[in-house]
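Spelled out from the first residue to the last, the chains are:
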Protein chains: 2
Amino acid sequence: MAPRDTAAVTIYQVAQRAGVSIATVSRVLKKPDVVSPDTRDRVQRAIDELDYLPDGSARSLAARRQETHGLILPELTGAYFAELLAGYESAAAALDQSVMVVLAADKDDIARAARRLATHVDGIAVMGSAGLPDDLVLSLSGRIPVVVVAGAEQPGIEVVRAENTVPARELTGRLLDAGRRSLRFVGDPEAAVDVAHRYAGFVAAHRDRGLEPAPAMVAKFTEEAGVKVAAQLLESSDRPDGLVCANDLLAIVLIDRLQTAGVNVPTDLAITGWDDILAARYLRPRLTSVRQPVRQLAAYAADRLHSRITGDVSDADWGRTHVLPADVVIRDSCGTALPHKEGNLR
Amino acid sequence: MAPRDTAAVTIYQVAQRAGVSIATVSRVLKKPDVVSPDTRDRVQRAIDELDYLPDGSARSLAARRQETHGLILPELTGAYFAELLAGYESAAAALDQSVMVVLAADKDDIARAARRLATHVDGIAVMGSAGLPDDLVLSLSGRIPVVVVAGAEQPGIEVVRAENTVPARELTGRLLDAGRRSLRFVGDPEAAVDVAHRYAGFVAAHRDRGLEPAPAMVAKFTEEAGVKVAAQLLESSDRPDGLVCANDLLAIVLIDRLQTAGVNVPTDLAITGWDDILAARYLRPRLTSVRQPVRQLAAYAADRLHSRITGDVSDADWGRTHVLPADVVIRDSCGTALPHKEGNLR
DNA sequence: TTGTATGCGTTATCAT
DNA sequence: ATGATAACGCATACAA
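Quantities reported herein were computed from a predicted structural model and do not represent experimental measurements.

In the numbering adopted here, UniProt assigns the feature "domain: HTH lacI-type" (unreviewed entry) to residues 9–63 of chain A. Taken end to end, residues 9–63 of chain A is 71% helix and 0% strand, and its first and last C-alpha atoms sit 20 Å apart.

Written out as structure tokens, the structure is:
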């Protein structure tokens, strides 16, 4: 254990030890090729011997670049946002960028936290828009580049998201074509644009067939909300024969509660989820869901933001929306799966 | 959308607009009480009008403090590390500290990433020790304060962890006392100290009763490892009557595979997990597990690290190990649960 | 209470 | 190829 409170090694000490100026030390670090091999070696040796690492803030101040991306997430429960974060960090690291994370959950003043974040990073990636003030993204984007992942489109904001309407339409259509006639969508279209798009697909599938869609059963992404919906369903006289849930958590809770109450899933009631979390394959019945290219979304966002920061993307090319495809994964819970022999792993 | 490439507002512009020196502006921000109410208002107005935010790197450089904690996690699959991260960020935010995250997974040179991280933060919290070079923590701690969460104890390193041996001993004892006589532990005691401690509890429970514990069935925390162990069990002639798994994922995979093969859980085979992930309550049988105080672990680590950074904790008081209790959660899968009427939610 | 001036550890622009 | 030296934007010790 090295002694604490030891002043950190600076570029001056390295320079002195190597018998050169600090400019040369800096060059060895940034553009080694413009330094003569001889002195380069000498400097490098001094660096190694002193275990010198340039100070982050000094670098940032002088170079006017933080080499850091900010990441704002609504929360970190469930695998979805965790995977977004992991994918982003991985992609950012590949670009030699650090990642500073802010979670909006249980933060009384997220706007303040976001503004604070903006002073430490070169750009910000905002995951979703749930729980964030409407103007937050816009106000941040006045300061530094902002890319939104799976959130609302806004002028001047780059958006990267997965397909929502198409898979929802396909899934709903599948249930309708199997003869189901009273489907309900479970989720809160007002809470997030993703959910709104999924509901739009649910509606579209009905309209495609000249049917009238029922209104959504509003539920946030929590166990409690799922329990409440289950209770509603069990009380109602005209129970639906299919549920298109806005995420897997809701689907799982619903399956649990309804099965416990004697409802046969999927025979009496077909249920589908969204996100294809790991547990989806371990429930009975196995859960039909939609798999999003989460890591790719994150990586794409990181790449675009970095390009914007470095100036590789001009004003004119900024503010686009990128949509990546998502895949429907058919399993038992929707009642239309073919008999399968494959294993449980993907 | 504000014009891009606009130079950011600096303290000088605020000072000029308010008709004061930059020192006064700085004081209004840091110690408002030492400046007269009159000028304070004037400065504050200028700050608001210009939407001034002090530059992060300049602040850090001058104040010699980053106001940022570094967080190193092995990965982010599964809820455990995600909750640690969430808990840490929350606690750090309460202390007005930012959080910079590095994931060790799929990083070819984690040591380099960690050193890089150290130049941007005031201290580092390392979650676990899996996948990290042995000397990494020690070498980092020579540079800045390091706290380890659920990792190995080392001289000069502060450790915060949950109880492992006690719950494992309790759980194993419970199975033995129920008459089970051929138990196996599933997990890799070599991979992480947590797991080693859990296996120690498994062993202790046997010794307590004059029994000889079987060796652990080595498995990492992956689905594939679980599948492999399941295959081993199905092939073996003398199948155990109980499995104490090092985490819930392994338990879930094992239940799935063994049930599919016709084994009755828990009658033929009792199974327990660890971490009490959400899905544990939605499987059949419901999974007996151990609940760790994850958020508290993280918050405690953040508090300690911050105290160390601010100097509130002296050299002499640094390097301790803090152990928080973990709770055994009895459900159906261990075969010793009482009939229950409670709901599914905690 | 306020202003002046120095320093924080780099990068980068000049000279040489 | 290398060295001086001026920013970078802020905090703070010291003066006033």
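Still more ground to cover, so stick around.
Right, let's talk about helix α6 (residues 110–118) of chain A for a bit. Taken together, the buried positions of α6 of chain A are Ile110, Ala113, Ala114, Arg116, Leu117 and Ala118 of chain A. Residues of α6 of chain A that are buried sit in contact with β1 (68–73), β2 (98–103), β3 (123–127) and α7 (136–141) of chain A together with β2 (98–103) of chain B.

A word on the relation of the copies chain B and chain A. When chain B is fitted to chain A, the residual RMSD is 0.1 Å, and the transformation amounts to a turn of 180° plus an axial shift of 0.1 Å. Those values place the two copies in the arrangement expected of a two-fold rotation axis. When the interface residues of chain B are mapped onto chain A, 98% of them again lie at the interface, so the same face is used by both copies.

All names here are of chain B. Covered by surrounding structure in strand β7 (residues 242–245) are Gly242 and Val244 together with Leu243 and Cys245, the residues of both alternating faces. Examined bridge by bridge, strand β6 (residues 183–186) and β7 share four bridges and lie parallel to one another. Its bridge partner lying in β7, phenylalanine 185 is registered against valine 244. In this structure, β7 lies alongside strand β8 (residues 270–272), joined through three bridges in parallel fashion. In the sheet register, leucine 243 faces β8, and the bridge partner there is isoleucine 271. In this region the chain leaves β7, passes through helix α11 (residues 248–260) and returns to the parallel neighbour β8; the handedness of that crossover is right-handed.

Residues and elements named next belong to chain A. Along the chain, arginine 284 connects to proline 285 via a cis peptide bond; the corresponding omega equals -5°. Within the secondary structure layout, proline 285 lies in the loop between β8 (270–272) and β9 (289–291). One non-glycine residue, alanine 150, lies in positive phi territory at about 55°. For alanine 150, the location among the structural elements is in the loop between β4 (146–149) and β5 (158–162). Despite not being glycine, aspartate 276 has its phi angle at roughly 50°, a positive value. As for its position among the elements, aspartate 276 is in the loop between β8 and β9.

Turning next to the protein's contact with DNA strand C. As a matter of local geometry, DNA strand C sits amid 29 residues, with Ser26 of chain A together with Thr24, Arg27, Val35 and Thr39 of chain B nearest to it. Within 4 Å of the protein, the atoms of DNA strand C are drawn from sugar and phosphate moieties in a proportion of 63%. Within the contact set of DNA strand C, a phosphate oxygen lies 3.1 Å away from a side-chain nitrogen or oxygen of arginine 59 of chain A. Contact distances for DNA strand C include 3.5 Å between a base oxygen and a backbone N or O atom of alanine 62 of chain B. When contributions to the surface near DNA strand C are tallied by element, the ones reaching two or more residues are α1 (11–18), α2 (22–30) and α4 (56–63) of chain A together with α2 (22–30) and α4 (56–63) of chain B. The leading source of residues in the surface near DNA strand C is α2 of chain A, at five residues.

Looking now at the sheet that holds β8 of chain B. Residues and elements named next belong to chain B. One open sheet accounts for three strands, arranged β6-β7-β8; its pairing is parallel. Edge positions in the open sheet fall to β6 and β8, since each of these has one partner strand only. Direction aside, neighbouring strands of the sheet carry axes that sit 15° apart on average.

The topology assignment puts valine 28 of chain A in helix α2. Considering only alpha carbons, one finds valine 28 of chain A and isoleucine 124 of chain A, 96 residues apart in sequence, at a separation of 31 Å.

This part takes up the packing of helix α5 (residues 79–94) of chain A against helix α12 (residues 294–310) of chain A. Residue and element names in this part refer to chain A. Axis separation between α5 and α12 bottoms out at 8 Å; the angle between their running directions is 40°. Relative to α12, the element α5 lies oblique. Of the two possible hands of crossing, α5 and α12 adopt the one that is right-handed. Two secondary-structure elements touch here, α5 through Tyr80, Glu83, Leu84, Ala86, Gly87, Tyr88, Ser90, Ala91 and Ala92 and α12 through Val294, Arg295, Leu297, Ala298, Ala299, Ala301, Ala302 and Leu305. In terms of residue class, the contact of α5 with α12 is made up of 13 nonpolar, two polar and two charged.

All right, on to the interface of chain B and chain A then. At the interface, 66 residues of chain B touch 66 residues of chain A. Summing both partners gives a buried area of about 5500 Å² for chain B against chain A, and 50% of it is carried by carbon and sulfur. Put simply, chain B and chain A have 18 salt bridges between them. One salt bridge connects lysine 107 of chain B with glutamate 89 of chain A, and the closest N-O pair in it is separated by 2.5 Å. The tally of links from chain B across to chain A stands at 28 residue pairs in polar contact (both at pLDDT 80 or more). Elements supplying a minimum of two residues to the side of chain B that touches chain A: α4, α5 (79–94), β2, α6 (110–118), α10 (223–235), α11 and α12 (294–310) of chain B. With seven residues, α11 of chain B is the single largest residue contributor to the side of chain B that touches chain A.

Conventions we followed
Residues numbered from 1 in each chain as written. Chains lettered and ligands numbered in written order. Predicted model: local features only at pLDDT ≥ 70, side-chain atom pairs only at ≥ 80, totals over all residues. Heavy atoms only, no water. UniProt positions renumbered as here; feature names shortened; annotations may be inferred. Helix = DSSP H or I, 4+ residues; strand = E, 2+ residues; numbered from the N terminus. Buried < 20%, exposed > 50% of the residue type's maximum accessible area, 1.4 Å probe, protein only. Contact = heavy atoms within 4.5 Å. Least-squares fit on C-alpha atoms with pLDDT ≥ 70 in both. Pairing = 2+ DSSP bridges. Right-handed = clockwise from strand over helix to strand, strands pointing away. Near = heavy atom within 4 Å. Polar contact = N/O pair within 3.5 Å; in protein donor to acceptor, adjacent residues only side chain to side chain. Axes fitted to C-alpha atoms, helices over the stretch in contact; angles between N-to-C directions. Parallel < 35°, antiparallel > 145°, perpendicular 65-115°, else oblique. Left-handed = near helix turned anticlockwise from the far one by under 90°. Nonpolar A, V, L, I, M, F, W, Y, C, P; charged D, E, K, R; others polar. Buried area = accessible area lost by both parts, 1.4 Å probe. Salt bridge = Lys/Arg side-chain N within 4 Å of Asp/Glu carboxyl O.

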